[in-house]
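Observations on the model geometry
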Amino acid sequence: KVVYFTASLPYLVLAVFFVRAMTLPGAFTGVRFYVETDFSLLTSVEVWLRAVTQIFFSLGVGFGSLIAFASCGDRHSDF
């Protein structure tokens, strides 16, 4: 019976947060900004530079160090 409560509570809390967020002033302006896409920004070099920088910071340093760290360990060790 505890499982029913713990499994449904996050959805209930999420629904309450959503209703609260939609009642704030300017909420629909934010939703409209999120939904409407301005494809003209894709021609900007700065947008692509920031995207490439994000890819290298999120994958390059972190993923490479994880692979190097994992290759040095024994198969049966739990680091």
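Cut-off values and rules
- Residues numbered from 1 in each chain as written.
- Predicted model: local features only at pLDDT ≥ 70, side-chain atom pairs only at ≥ 80, totals over all residues.
- Heavy atoms only, no water.
- Helix = DSSP H or I, 4+ residues; strand = E, 2+ residues; numbered from the N terminus.
- Buried < 20%, exposed > 50% of the residue type's maximum accessible area, 1.4 Å probe, protein only.
- Areas by Shrake-Rupley, 256 points an atom, 1.4 Å probe, with all protein chains shown as cover.
- Salt bridge = Lys/Arg side-chain N within 4 Å of Asp/Glu carboxyl O.
- Expected span 1.5 Å × (residues − 1).
- Bend = angle between axes of the 7 residues up to and from the residue.
- pLDDT = per-residue confidence, 0-100.
- Patch = residues over 30% accessible without salt bridge, like charges linked within 9 Å, V, L, I, M, F, W, Y side chains within 5 Å.

Turning our eyes to something else, we now look at the overall build of the chain. The secondary structure content of the chain amounts to three helices and zero strands. N-terminal to C-terminal, the α/β element order of the chain is α-α-α. Here the chain holds 79 residues, and the buried ones make up 1% of them. Surface exposure of the chain reaches about 7800 Å², of which carbon and sulfur atoms provide 73%.

Evaluation of the coordinates by the stated rule reveals one salt bridge. Here Arg 50 makes a salt bridge to Glu 46, at a shortest N to O gap of 2.8 Å. Note that Arg 50 and Glu 46 are positioned in helix 3 (residues 45-71) at a spacing of four residues, about one turn of the helix. Of the residues examined, Arg 50 reaches a relative accessible area of 59% and is grouped as exposed. When its relative accessible area of 47% is taken as the criterion, Glu 46 is described as partly exposed.

Turning our attention to helix 1 (residues 2-22). The end-to-end C-alpha distance of helix 1, which contains 21 residues, comes to 31 Å, matching closely the 30 Å that a straight helix rising 1.5 Å per residue would cover. At Leu 9, helix 1 shows its strongest bend, of approximately 30°, with the proline Pro 10 following within four residues. In terms of burial, helix 1 is a largely surface element, zero of the 21 residues being buried.

So, on to the confidence of the model for the chain. When pLDDT is averaged across the chain, the result is 83; 78% of the residues are at 70 or more. By mean pLDDT, the top-scoring element of the chain is helix 1 (94), and the lowest-scoring one is helix 3 (74).

On to a nonpolar patch on the surface, then. On the surface, a nonpolar cluster with roughly 580 Å² of combined accessible area is contributed by Phe 5, Leu 9, Leu 12, Val 13, Val 16 and Phe 17. Along the polypeptide, Phe 5 turns up in helix 1. The class for Phe 5 is exposed, based on a relative accessible area of 52%.

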